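So you can see what is in the structure, the chains are spelled out below.
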Amino acid sequence: MLKRHEIQVLRRAEHTWSDIAALSGVSEKTARRIAAEAPVTTVDNAGERTRRQVGRPSKAEAYREVLVQALTEDAGLRSVELLHRARQGGYTGGKSAVYALAQTLRTRVVTPLVRFEGLPSEFSQHDFGEVWVTYQDGTESKVHFFASRLKYSRWVEVTLVADERVETLVRTLVEHLAAFGGIPLVTVFDRPKTIALKWGRDGVVTEWNSTFAGVALDLGIGVEVCWPYRPQEKGSVENLVGWVKNSFFKQRRFLDRVDLERQLAEWLTEANTIRPSRATGVPPAARITEDRARLRPLKVTPADLTLRIPVSVSPTGVVIHEGHPYSMPPDAIGLPGTLYLYRDRVRIIAGRFSADHERKFQPGDGSILPEHRAQRVAAVSGKRARRYLQRQHLIDLGAAALAYLTELTHRRPRTWIPEVERLHELLQTHGDAALRTAFERGLAEQAIGAEYIAHYLGTTMPPLPFEDTDRPSTLNAYPLPRTGRVQSAAGARRGGAQRSLWTRASTAASSRRVGGRS
């Protein structure tokens, strides 16, 4: 349209047709035709092409009325059915022309984009984010973070986290709500599996993550999740993560993780108290007072937050959580219960039994209380079973304990039982870590025996748990009768080959001749 306007202006300036053609880059014939058209009043090229129907006419255009009638009767007809009806009317072209025409004939339902500003203490937004960070030494690291923002004041909190699990989410959420000064009416999330597990076609959540739901009830927070596949609803939450990435992570350079954490704290102070928000024109600190005046107090502090996890006591008398065994009394075996997970400790209740443990984080670590160990040994019937259970308690300490007990059993095959009993007493007295260290030292110095472990622990040898007279004999073998010389195989030496045969006493007594000799 601008080219047409240019040709018309040149003609009104009384340029010759050859000059117009040269200046505009068109032929003289095209210049004469355009100059004769009505004056140009718009620059909408697409609209003008549609109005003038520029281009080769579509074969489907002749069947417009057929499609219009079909869509009037049923607006939800699929394009493939419209193609079928056009072919019944005599259409012989391809499907693309019919599909394109049907697209222009369908009734379009467009939902306007609604933007709103939250009222004081009405909404807070929360989401996880991750970004790759390159430190100045060239190493790269994936950094996970959790971001929260009050909608009205734009006050923001960002915390670096180790992962994006549900426990990380709820604990960091409570820390951010405490930093805000309380709880707003509604907390808005995206729809991760750490919050919602299942939902219907209408977007209503039908199954919540049980751990998150329990914390939400304890806190008394209102939860709103964005509809899946609705970017116009998720945008506000996801823009929070994008803003943190673009404003901080992608603008700064970091020496290492410690420097990153330091700069993040400085950046949050600047973003909340100094730099005006683009949405409100003032720093968030100027409006946070209005938010905090309406925030509800936290019912649970970050230090007291407890996650309730359903568990069951295994046949070995332990509860496994995240790969770490926590002991329970043997009478609780098979009972269902609840594990109360704190930041640094664990409490398990199953029926009338309960146990408190220090929480374990290192792979392979567990917490077996000495009283539970003693109860298990007492609950086992038979001395043999008790001894092997004691040895298993020692083996459970790890690879060093397994290697040490293997050496002990093979070096002292006739006395390993009292050795294990004394080692078990040392375990009950000094604990897992001390005995594990002593085993490692004993292996390094090849000092194999309970007396060496007691020496490493700075204690005396403990007495046996029961009297020697109560112990079955393991030192004296049953006396077997000795026989005469054995008939050797062909080609073997015969003279003076006295051998002791392992035969039953009844067999030896009934025959005085072995190998044909008396």
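In what follows, the structure referred to is the one given above.
Treat the numbers as computed from the prediction; the structure is a model and nothing was measured. (Residues numbered from 1 in each chain as written. Predicted model: local features only at pLDDT ≥ 70, side-chain atom pairs only at ≥ 80, totals over all residues. Heavy atoms only, no water.)

Visitor: Which residues make up the pairing of strand S4 (residues 186–189), and what values do they have?
Guide: Pairing geometry for strand S1 (residues 123–134) and S4, over four bridges, is parallel. Following the sheet pairing, Ser-124 is matched in S4 by Thr-187. (Pairing = 2+ DSSP bridges. Helix = DSSP H or I, 4+ residues; strand = E, 2+ residues; numbered from the N terminus.)

Visitor: Residues and numbers for the sheet that holds strand S3 (residues 156–161), please.
Guide: In space, the five strands of this open sheet follow the order S3-S2-S1-S4-S7, with mixed pairing throughout. Among the strands making up the open sheet, the edge pair consists of S3 and strand S7 (222–225). For this sheet the average axis-to-axis angle between neighbouring strands, irrespective of direction, equals 25°. Each of S1, strand S2 (140–150), S3 and S4 touches helix H8 (residues 166–180); the most contacted strand, S2, lies at about 50° to it. Of the strands in this sheet, S1, S2 and S3 touch helix H11 (residues 257–273), which is tilted by about 170° from S3. (Axes fitted to C-alpha atoms, helices over the stretch in contact; angles between N-to-C directions. Contact = heavy atoms within 4.5 Å.)

Visitor: Explain the packing of aromatic side chains to me, and be specific about the residues and the numbers.
Guide: Taken as a whole and assessed by the stated rule, the structure comprises ten aromatic pairs. With a centroid separation of 5.7 Å and an interplanar angle of 65°, the aromatic rings of Tyr-388 and Trp-416 are classed as edge-to-face. Of this pair, Tyr-388 sits in helix H14 (residues 383–395) while Trp-416 sits in helix H16 (residues 416–430), placing them 28 residues apart in sequence. Residue Tyr-388 is classed as partly exposed on the basis of its relative accessible area of 33%. Through a chain of ring-to-ring contacts, the aromatic side chains of Phe-145, Trp-243, Phe-248, Phe-249, Phe-254 and Trp-267 assemble into a single cluster. Lying over the aromatic face of Tyr-152, Arg-287 brings its terminal NZ or CZ to 3.9 Å of the ring centre. Above the ring of Trp-155, the side-chain terminus of Arg-292 is found at 5.3 Å from the ring centroid. (Phe/Tyr/Trp six-rings, centres within 6.5 Å; stacked < 30°, edge-to-face > 60°. Buried < 20%, exposed > 50% of the residue type's maximum accessible area, 1.4 Å probe, protein only. Lys NZ or Arg CZ within 6 Å of the ring centre and 35° of its normal.)

Visitor: Describe the nonpolar core, and please don't skip the residues or the numbers.
Guide: Core analysis: the biggest nonpolar cluster contains 42 residues, and Leu-169, Val-170, Met-328, Leu-339 and Ile-348 have the highest contact counts within it. Residue assignment for this core shows that the elements contributing at least two residues are S2, H8, helix H9 (210–219), strand S8 (307–312), strand S11 (336–341), strand S12 (345–350) and strand S13 (353–358). The element that contributes the greatest number of residues to this core is H8, accounting for seven residues. Dropping the residues within four chain positions of it, Met-328 is found in contact with Val-313, Gly-317, Val-319, Ile-348, Ala-350, Phe-353, Ser-354, Ala-355 and His-372. Ranked by size, the runner-up nonpolar core spans 23 residues in total, among them Leu-394, Leu-397, Tyr-404 and Leu-405. (Core = buried A, V, L, I, M, F, W, Y, C linked by side-chain atoms within 4.5 Å.)

Visitor: Describe unusual backbone geometry, naming the residues involved and giving the relevant values.
Guide: A positive phi is found at Ser-121, a non-glycine position, where the angle reads about 60°. Within the secondary structure, Ser-121 is located in the loop between helix H7 (95–105) and S1. Notably, Glu-322 is not glycine yet its phi reads approximately 55°, a positive angle.

Visitor: Explain the sheet that holds S11 residue by residue, including any values.
Guide: Taken in spatial order, the four strands line up as S8-S11-S12-S13 in an open sheet, and their pairing is antiparallel. Edge positions in the open sheet fall to S8 and S13, since each of these has one partner strand only. Strand-to-strand twist across the sheet, computed as the mean angle between neighbouring axes with direction ignored, equals 20°. Where S12 and S13 come together, six bridges link them in antiparallel fashion. Paired with Ile-348 across the strands is Ala-355, a residue of S13.

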